[in-house]
Amino acid sequence: MVRHSSRIELSQSSLKSNFNFIRKKVGPGVRISSVVKANAYGHGIHEFVPMAEKCGVEHFSVASAFEAEEVLEACSSDSSIMIMGILYDQDIQWAIENGIEFFVFNYDRLPLVLEKAKAADKKAKVHIEVETGANRTGMNAREVPKALSFLKKNARYIEFEGLCTHFGGAESLSNKFKIDSQHRKFKEFIKLCKGRGMRPNHYHIACSAAALAYPETTYDMVRIGVAQYGFWPSPDIFYMHLQSTGNSANSTSLKRIFTWKTDVMDIRDVDEGEFIGYGTAFQAIRDMKVAVLPLGYSNGYPRAQSNRGHVLIHGKKAPITGLINMNLFMVDVSHIKEVKVGDEAVLVGRQKNNTINVSSFTDVTRLLNNEMLSRLPAAIPRKAVR
Ligand SMILES: *Cc1c(COP(=O)(O)O)cnc(C)c1O
């Protein structure tokens, strides 16, 4: 196998510490479903899933049947998988046969699920997602009673695995009124179930932000995405955490698990007055030494970093000179005397005493952390490290 132009390392010890932190927050007896949609937020499903399993996670959530198939390849036979989003009619039977749980948010789906469960001769594991105010997916209040009757009548073929909903914006304190209203509506649905003597195996509504900031929303299961990767969902949620702990957050706080690296491909001297790379975006105002790096915007390194960002080489900041090309970019290494071809360059993460955070990066590019991470090409090799 030839070497790729960059690589991503994932820290097992930081991940462990994140899950310990989250477990402490949500308390014992609350099942953590690890949300690994979008290639585990860019971290890589195939590498991340076994790492999470080593931390005791045994439930994974994805956005599509396609992603569920990837998790199925990567996970141990004891783990469960839940599809929160798109599952085409033609794949329902596949999901049932593989024991994969899925959201149902339209009443019309249920007869089809029943038919497929009979065909597979296996119970379908269904989470009824209810509409509480996000108006994205979710079964409306008119359909839910009908759905409950259907589940009751066909309990032999359909397992009532969960009752759930999703907050539209729990990250932001300014949405608190909306979150509260969604939670009130969810409680009405719980009452409805109880009134009919029905109890799903799990109730779940909390994403990372809700799980970290609103303990009353955790029930017996939470769906944790961004926090497990070591990112606070928002400054609001981080400040609420600081307040609740009297600012002593440091030792137990979330840790980034992700480092993105490449290598110096070439080094050259550039005379004062010369232009570097395409066009006239960067002109050397003194004699310079420049390192060439073997990746560009086609490899997930945002073009908006042109002339603005930096990388780390020998622990020192090397500013980007000129435009990010499709497969190359250049950095100023005039001040890094020891640099040579083949040296490691850190694009995101820590090197010696310096760190480049995804967030500092995304300040410049105006991408969301999640957006930048989840768009990193699947072709970049990911590797678990200690
Ligand atoms: C993405 C997603 C989550 C996880 O959200 P985070 O904020 O990353 O924790 C939870 N539930 C649903 C339905 C989602 O789509």
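> Could you clarify how one ought to interpret the packing of aromatic side chains in this entry?
Each aromatic ring pair is characterised by the separation of its centres together with the angle its planes make. Scanning the entire structure with this criterion turns up ten aromatic pairs. Ring geometry for Phe-48 versus Tyr-229: centroids 4.9 Å apart, planes at 50°, classification tilted. A residue pair is termed long-range when its members are at least 10 positions apart, and Phe-48 in helix H3 (residues 45–54) and Tyr-229 in the loop between strand E9 (221–224) and helix H10 (235–244) qualify at 181 residues. Look at Tyr-229 and you get buried, because its relative accessible area is 1%.

> Whenever I open this one, the nonpolar core confuses me. Can you help?
Note on soluble globular proteins: their nonpolar side chains tend to be buried together. Core analysis: the largest hydrophobic core is formed by 119 residues, its most contacted members being Val-36, Phe-102, Leu-163, Trp-260, Ile-313, Phe-329 and Val-331. Counting contributing residues, this core receives three or more from each of domain 1 (10–251) and domain 2 (258–356). With residues near it in sequence (within four places) discarded, Phe-102 still touches Ile-83, Leu-87, Ile-92, Ala-95, Ile-96, Val-113, Ala-124, Lys-125, Val-126 and His-127. In this structure, Phe-282, Ala-284, Met-288 and Val-292 belong to the second largest nonpolar core, which totals eight residues.

> Before we go on, may I ask you to explain the site of the ligand in this structure?
For the ligand, the set of nearby residues contains 13 residues, the closest of which are Lys-37, Tyr-41, Ser-208, Arg-223 and Val-226. In the model, a nitrogen atom of the ligand is placed 2.8 Å from a nitrogen or oxygen of the Arg-223 side chain. Contact with the protein chains removes 91% of the 390 Å² of surface that the ligand exposes when unbound. The set of elements that each furnish at least two residues to the shell around the ligand consists of helix H2 (37–41) and E9.

> Which parts of the structure should I look at to understand the pattern of salt bridges?
Within the structure shown, the criterion is met by 13 salt bridges. Each of Arg-3, Arg-7 and Asp-263 takes part in salt bridges that share partners, so that together they form one network.

> I keep staring at the sheet that holds strand E7 (residues 158–164) and nothing clicks. Help me out?
Strands belonging to one sheet form pairs held by backbone hydrogen bonds; the direction of such a pair is parallel or antiparallel. The sheet built from eight strands closes into a barrel, its strands ordered E2-E3-E4-E5-E6-E7-E8-E9 with parallel pairing. Strand-to-strand twist in this sheet, taken as the mean axis angle between neighbours without regard to direction, amounts to 30°. Pairing analysis gives three bridges linking strand E5 (residues 101–104) to strand E6 (residues 124–129), with the strands arranged parallel. Looking at E6, one finds that Phe-103 is bridged to His-127. On the sheet, helix H4 (residues 65–74) packs against strand E3 (59–64) and strand E4 (80–86) and is oriented at approximately 145° with respect to E3.

> Sorry, what's going on with the pairing of strand E15 (residues 329–332) here?
Side-chain direction in a regular strand flips from residue to residue, so the side chains alternate between the two faces of the sheet. Alternating residues of E15 divide into Phe-329 and Val-331 and Met-330 and Asp-332, and every residue in both groups is buried. In terms of strand pairing, strand E12 (residues 288–293) meets E15 through four bridges, oriented antiparallel. Bridged to Leu-293 within E15 is Phe-329. In the sheet, strand E14 (residues 316–321) pairs with E15 via two bridges, with the strands oriented antiparallel. Within E15, the position partnered with Ile-320 by the bridge is Val-331.

What counts, and at which threshold
Residues numbered from 1 in each chain as written. Predicted model: local features only at pLDDT ≥ 70, side-chain atom pairs only at ≥ 80, totals over all residues. Heavy atoms only, no water. Phe/Tyr/Trp six-rings, centres within 6.5 Å; stacked < 30°, edge-to-face > 60°. Helix = DSSP H or I, 4+ residues; strand = E, 2+ residues; numbered from the N terminus. Buried < 20%, exposed > 50% of the residue type's maximum accessible area, 1.4 Å probe, protein only. Core = buried A, V, L, I, M, F, W, Y, C linked by side-chain atoms within 4.5 Å. Domains from an automatic or database assignment. Contact = heavy atoms within 4.5 Å. Near = heavy atom within 4 Å. Polar contact = N/O pair within 3.5 Å; in protein donor to acceptor, adjacent residues only side chain to side chain. Areas by Shrake-Rupley, 256 points an atom, 1.4 Å probe, with all protein chains shown as cover. Salt bridge = Lys/Arg side-chain N within 4 Å of Asp/Glu carboxyl O. Pairing = 2+ DSSP bridges. Axes fitted to C-alpha atoms, helices over the stretch in contact; angles between N-to-C directions.

Treat this as a map of the structure, not an account of what it does.
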